[in-house]
Amino acid sequence: MAAAAGSAVNAVNDCFSIGSTVVCTTCFNEEVEGEVLAFDHNTKMLILKCRSKSTEELSDIYVMNLSLCSNVQVVKECNGNFDDPQKLNLEQVKMRLRKTVERRQDYLKSKNADVSPEAQELYRAIAKQYGYNEVSWQGLNIQILNEVTISPPYRVDNVVSSSNNETSCNYIKRIIKQFFNTRPSPVPESGAAASTSSPSVSPTSSSLASGSPVPAN
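Under an unreviewed UniProt entry, the name given to the chain is Protein LSM12 homolog A, and the source organism is Drosophila rhopaloa. Among the UniProt annotations of the chain, the heading Sequence similarities (unreviewed entry) holds the following wording: "Belongs to the LSM12 family."

Written out as structure tokens, the structure reads:
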């Protein structure tokens, strides 16, 4: 696939003028079509402005690695004059990138293969209040501020403080209460609902005991 993509790129890479419309297929078999904002020949990186999938008032910006794309075609060539694209605020881009990386790292801290998804969500709820640097997994236990521990099943009664810090314990208990109070109630399985709603039939019912005939279907 890489070879096919490379040949497709070589066929059109000299034609990517700003303002042209290009369509290509990603390695995930997704077709992307948009207006060319920039193209770097050395890295084969193409930036496209595409119609937003959520609202017509905004546009989605795609950064495409054409080395991993196929079926690259120039749908419409821009031969006229066009306005120069606005310069990017590189500091703002760096800041957004840093925050995105930090959020991803924080999310990974909440992952624990040995506990339930619900416990991981509770971990994140607590970390939002205290900060991810103050919350950690200690085996199956959630530890906050290196002094408060929540053990399975992570309810209010499972909160313990090594320093008898009642203020922190009470605050964490309120977080736990709110967490479980705002969660949707589990939906009973259809089989269980049917079994509880339908009346039970006993083989010793009066109709059978008296020898009454059973109506045919």
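Trainee: How should I be thinking about helix H4 (residues 166-181) in this particular structure?
Mentor: One full turn of an α-helix is made of 3.6 residues, so residues set three or four places apart face in the same direction. Taking 1.5 Å of rise per residue, 16 residues should cover 22 Å, and H4 covers 22 Å from first to last C-alpha, within 8% of that figure. Buried residues of H4: Ser168, Cys169, Ile172, Ile175, Ile176 and Phe179, and no others. With its buried residues spanning 125° around the axis, H4 presents them on a single face. Exposed residues pointing more than 90 degrees away from the buried face of H4 are listed as Thr167, Arg174, Lys177, Gln178 and Asn181. The inward-facing, buried residues of H4 contact helix H3 (117-130), strand S7 (141-144), strand S8 (148-150) and strand S9 (159-161).

Trainee: Please clarify how the pairing of strand S2 (residues 31-40) should be interpreted in this entry.
Mentor: Here is the key point about a regular strand: its side chains alternate between the two faces of the sheet. Across five bridges, the pairing between strand S1 (residues 21-25) and S2 is antiparallel. Within S2, the position partnered with Thr25 by the bridge is Glu31. Connecting the antiparallel pair S1 and S2 is a turn made up of five residues, with Asn29 showing a positive phi of about 65°. Pairing between S2 and strand S3 (residues 45-51): five bridges, direction antiparallel. Along S3, the bridge assignment pairs Phe39 with Leu46. Hairpin remark: S2 followed by S3, antiparallel, with four residues in the connecting loop; positive phi at Lys44, about 60°.

Trainee: Just checking my understanding: could you explain the packing of H3 against H4 for this structure?
Mentor: The geometry of a pair of packed helices is captured by two quantities: the angle between their axes and the separation between those axes. Between H3 and H4, the shortest axis-to-axis distance is 10 Å and the interhelical angle comes to 130°. The orientation of H3 with respect to H4, classified from their angle, is oblique. As for how H3 packs across H4, the hand of that crossing is right-handed. Judged by residue contacts, Glu118, Glu121, Leu122, Ala125, Ile126, Gln129 and Tyr130 of H3 engage Ser168, Tyr171, Ile172, Ile175, Ile176, Phe179 and Phe180 from H4. Split into classes, the residues belonging to the contact of H3 with H4 amount to ten nonpolar, two polar and two charged.

Trainee: Looking at this model, I keep getting lost on the sheet that holds strand S6 (residues 135-138). Mind explaining?
Mentor: In any sheet, the strands associate via hydrogen bonds between backbone groups, in a parallel or an antiparallel arrangement. The four strands lie next to each other as S6-S7-S8-S9, forming an open sheet whose pairing is antiparallel. At either margin of the open sheet sits one strand with a lone partner, and together these are S6 and S9. Taken pair by pair, the neighbouring strands of this sheet meet at an average axis angle of 25°, ignoring direction. Along the sheet, H3 contacts S6, S7 and S8; its crossing angle with S6, the most-contacted strand, is approximately 145°.

Trainee: What am I meant to see in the pairing of S3 here?
Mentor: Two strands pair when backbone bridges link them, and S3 and strand S4 (residues 59-65) are joined in this way by seven bridges, in the antiparallel orientation. Counterpart to Met45 in the pairing with S4 is Asn65.

Trainee: What is the right way to look at the side chain of Arg124 in this model?
Mentor: Relative to the elements of secondary structure, Arg124 occurs in helix H3. Buried charge without a salt bridge: Arg124, with Glu121 as the nearest opposite-charge side chain at an N-O distance of 5.0 Å. Apart from residues lying up to four places away in sequence, Arg124 is in contact with Tyr107, Ser110 and Tyr132.

Rules used in this analysis
Residues numbered from 1 in each chain as written. Predicted model: local features only at pLDDT ≥ 70, side-chain atom pairs only at ≥ 80, totals over all residues. Heavy atoms only, no water. UniProt positions renumbered as here; feature names shortened; annotations may be inferred. Helix = DSSP H or I, 4+ residues; strand = E, 2+ residues; numbered from the N terminus. Expected span 1.5 Å × (residues − 1). Buried < 20%, exposed > 50% of the residue type's maximum accessible area, 1.4 Å probe, protein only. Arc of directions from axis to C-beta. Contact = heavy atoms within 4.5 Å. Pairing = 2+ DSSP bridges. Axes fitted to C-alpha atoms, helices over the stretch in contact; angles between N-to-C directions. Parallel < 35°, antiparallel > 145°, perpendicular 65-115°, else oblique. Left-handed = near helix turned anticlockwise from the far one by under 90°. Nonpolar A, V, L, I, M, F, W, Y, C, P; charged D, E, K, R; others polar. Lys, Arg positive; Asp, Glu negative; His and termini not counted. Salt bridge = Lys/Arg side-chain N within 4 Å of Asp/Glu carboxyl O.

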